[in-house]
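Chain and residue survey
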Amino acid sequence: MHPVQIVDLFAGPGGLDVAAEKLGIATAGVEWDSAACTTRRAAGLATWEGDVRRFGPSDFPDADVLAGGPPCQTFTVAGTGAGRRALDDVLAFVDRMVAREDREEISKDLSKLEDERTGLVLEPLRWALEAIDERDKPYRAIVLEQVPAVLPVWEAYAKALQSEGYAVDCGLLRTEAFGVPQTRKRAVLIARMGGEAVQLPSPTHRTYRKGVARDSGDGSLKPWSTMGEVLDRESPFLVISNYGTGGDPKARGRRGSWEPSATVTGKISRNRVVGLDGEELDRFSFSEAGRLQTFPTDYPWSGRDVGQQIGNAVPPRLAIHVLSAAFGWNPPSDEVLDSLRTWTVAEPEPEAIPVPSGTVPEYV
Ligand SMILES: C[S@@+](CC[C@H](N)C(=O)[O-])C[C@H]1O[C@@H](n2cnc3c(N)ncnc32)[C@H](O)[C@@H]1O
């Protein structure tokens, strides 16, 4: 194992943890959803089941990297009045936290917010500041990931973390540009303590454009990956989405097996899968939906609402690139990326042998 341990807040079924384990880094995840925790335990991932707000850096004294993908519902309505209000609230709290305003006052005001989930996006900042102020051991690196609407929050985080001595980069990344067979955009922040500049990972694959040949371009980037390449189906197929069409069948999103999947959401099992002759085929299994997110084929999805667990996760392949960039490592090798195809459940740590208290008797 590489000598870093990541504490992963809002760890879900383990998208980031799978990436870290493949890089040889131990993780500890905090997650309150019992279904996601069931999957994590089946996968052998270290899991603290509970509310992130009830833990802090001192509960994970060995962890020197902080990661987090806080829930995002209040920001996905960005552009609406509620989204803008949530954003303004969060930006004001970031300033107060960095100014080290009285914690209790801040907590009191947070509890008054219209939607209490708004405050969860501030939890990684609380952990980062507490590690500096109370543990006297700042996190060596920080990695945050969320839907695009959260980018202005990460920009405020960037300013805050820079003022605490971190080098920071943040921006939008497209998953298919890193070889994920799915188009999905994520707002990502990476930060590293110390002087050296950090940079988000550079794309390895081309950005998907509908109707454009996947191998056009100057050859400096690989063609995007397709559903057909990663799923074991006998013949080409079309995926027909019912999502966001307002009931108009003509507006339904369609992607062919020769394209990347549309964004995998918790509702992926509602999508129809049909052959090119119009024959109705089996809808995606959990293993297939997981593969579109670059989880191993045999990842032990468990508990209820597996579709939602899969849709919530960060694609492990993207997370491998992001973690490597955050640590200042070279881009991951094909060998590491290919190792994502399968999963080996980690052996549980042998129980520590209790150290007897008192004087050890001498036997002569
Ligand atoms: C967007 S998902 C993160 C997925 C994760 N990064 C992954 O890659 O699998 C957000 C997760 O936060 C969890 N969550 C929400 N509020 C929480 C809280 N207060 N404490 C712990 N977990 C929480 C949700 O159950 C959900 O699994």
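The following paragraphs examine the structure supplied in this document. (Residues numbered from 1 in each chain as written. Predicted model: local features only at pLDDT ≥ 70, side-chain atom pairs only at ≥ 80, totals over all residues.)

1. Observations regarding the overall build of the protein chain
Threshold: By definition, any uninterrupted DSSP run of H or I lasting at least four residues is a helix, any uninterrupted run of E lasting at least two residues is a strand, and each is numbered from the N terminus. Note on burial: count the other C-beta atoms lying within 10 Å of the residue's C-beta; 20 or more is buried, 12 or fewer is exposed, in between is partly exposed, and C-beta positions come from the backbone. A residue pair is marked as a contact if its C-beta atoms, positioned from the backbone, fall within 7 Å.
Along the protein chain, the regular secondary structure elements total 11 helices and 11 strands. The buried share of the protein chain, reckoned over its 364 residues, is 42%. Within the protein chain, counting contacts between residues at least 6 apart in sequence, those at least 24 apart form 64% of the total.

2. Things to note about the site of the ligand
Quick note on the threshold: Nearness is defined per residue: the C-beta atom, placed using the backbone, must lie within 6 Å of the molecule or strand. Each residue is assigned to one of three groups, with Ala, Val, Leu, Ile, Met, Phe, Trp, Tyr, Cys and Pro labelled nonpolar, Asp, Glu, Lys and Arg labelled charged, and all others, Gly among them, labelled polar.
Taken together, 21 residues form the shell around the ligand, and within it Phe 10, Gly 12, Gly 15, Gly 69 and Ala 313 come nearest. If you list the elements that add at least two residues to the shell around the ligand, you get α1 (15-22) and β2 (25-31). Per-class residue counts for the shell around the ligand are 12 nonpolar, five polar and four charged.

3. Remarks on the nonpolar core
Here is the rule we go by: Put simply, a nonpolar core is a cluster of buried Ala, Val, Leu, Ile, Met, Phe, Trp, Tyr and Cys residues tied together by C-beta atoms within 7 Å. Where each domain starts and ends comes from a domain assignment, either automatic or drawn from a database.
Counting 83 residues, the largest nonpolar core has Trp 154, Tyr 157 and Leu 189 as its most contacted members. Of all the elements, helix α6 (residues 151-163) adds the most residues to this core, at eight residues. Both domains that meet at this core, namely domain 1 (2-202 + 311-341) and domain 2 (227-302), each give it at least three residues. Every residue in contact with Trp 154, bar those within four places of it in the chain, is listed here: Leu 144, Cys 170, Ala 187 and Leu 189.

4. Some words on unusual backbone geometry
At Thr 294, a residue that is not glycine, the phi angle is positive and equals roughly 70°. Within the fold, Thr 294 resides in the loop between α8 (286-292) and α9 (306-312). Backbone geometry at Asp 305 places phi at a positive 50°, although glycine is not the residue there. Structurally, Asp 305 is set in the loop between α8 and α9.

5. With respect to the packing of helix α3 (residues 81-98) against α6
Inclusion rule: Helix axes are fitted to C-alpha atoms over the stretch in contact, other axes to C-alpha atoms as well, and angles between N-to-C directions run from 0 to 180 degrees. Any angle from 65 to 115 degrees is called roughly perpendicular, while one under 35 is roughly parallel, one over 145 is roughly antiparallel, and all others are oblique.
Contact geometry of α3 with α6 gives a least axis separation of 10 Å together with a crossing angle of 10°. In terms of orientation, α3 lies roughly parallel with respect to α6. Facing Leu 87, Val 90, Leu 91, Val 94 and Val 98 of α3, the residues of α6 in contact are Pro 152, Val 153, Ala 156, Tyr 157, Ala 160 and Ser 163. For the contact of α3 with α6, the class distribution of residues is 10 nonpolar, one polar and no charged.

6. A few points about the pairing of strand β7 (residues 185-193)
Defined as follows: Any two strands with at least two DSSP bridges between them are considered paired.
Of all nine residues in β7, seven are buried; the element is thus mostly enclosed. Alignment of strand β5 (residues 141-146) against β7, held across six bridges, turns out to be antiparallel. Paired with Ile 142 across the two strands is Ala 191, which belongs to β7. Here strand β6 (residues 166-174) runs beside β7; their pairing, made up of nine bridges, is antiparallel. Bridge pairing links Tyr 166 to Met 193 in β7.

7. Points about the sheet that holds strand β10 (residues 272-275)
Within the open sheet, the four strands sit side by side as β9-β8-β10-β11. Their pairing is antiparallel. Whereas interior strands pair on both sides, the edge strands pair on one side only; in this sheet they are β9 (254-256) and β11 (280-281). Across three bridges, strand β8 (residues 237-240) lies against β9 in antiparallel orientation. Along β9, the bridge assignment pairs Val 239 with Arg 255.

8. Looking at the packing of α1 against helix α10 (residues 316-327)
Stated precisely, the cut-off is as follows: Definitions for this section: a left-handed crossing has its near helix turned counterclockwise from the far helix by less than a right angle. A right-handed crossing has that turn clockwise.
One can describe the packing of α1 onto α10 by two numbers: an axis separation of 8 Å at closest approach and a directional angle of 60°. Taken together, the axes of α1 and α10 are oblique relative to one another. Once α1 is placed against α10, the crossing between them reads as right-handed. Packed against α1, whose contacting residues are Gly 15, Leu 16, Val 18, Ala 19, Ala 20 and Lys 22, the element α10 presents Pro 316, Ala 319, Ile 320 and Leu 323 at the interface. Within the contact of α1 with α10, the residues separate by chemical class into eight nonpolar, one polar and one charged.

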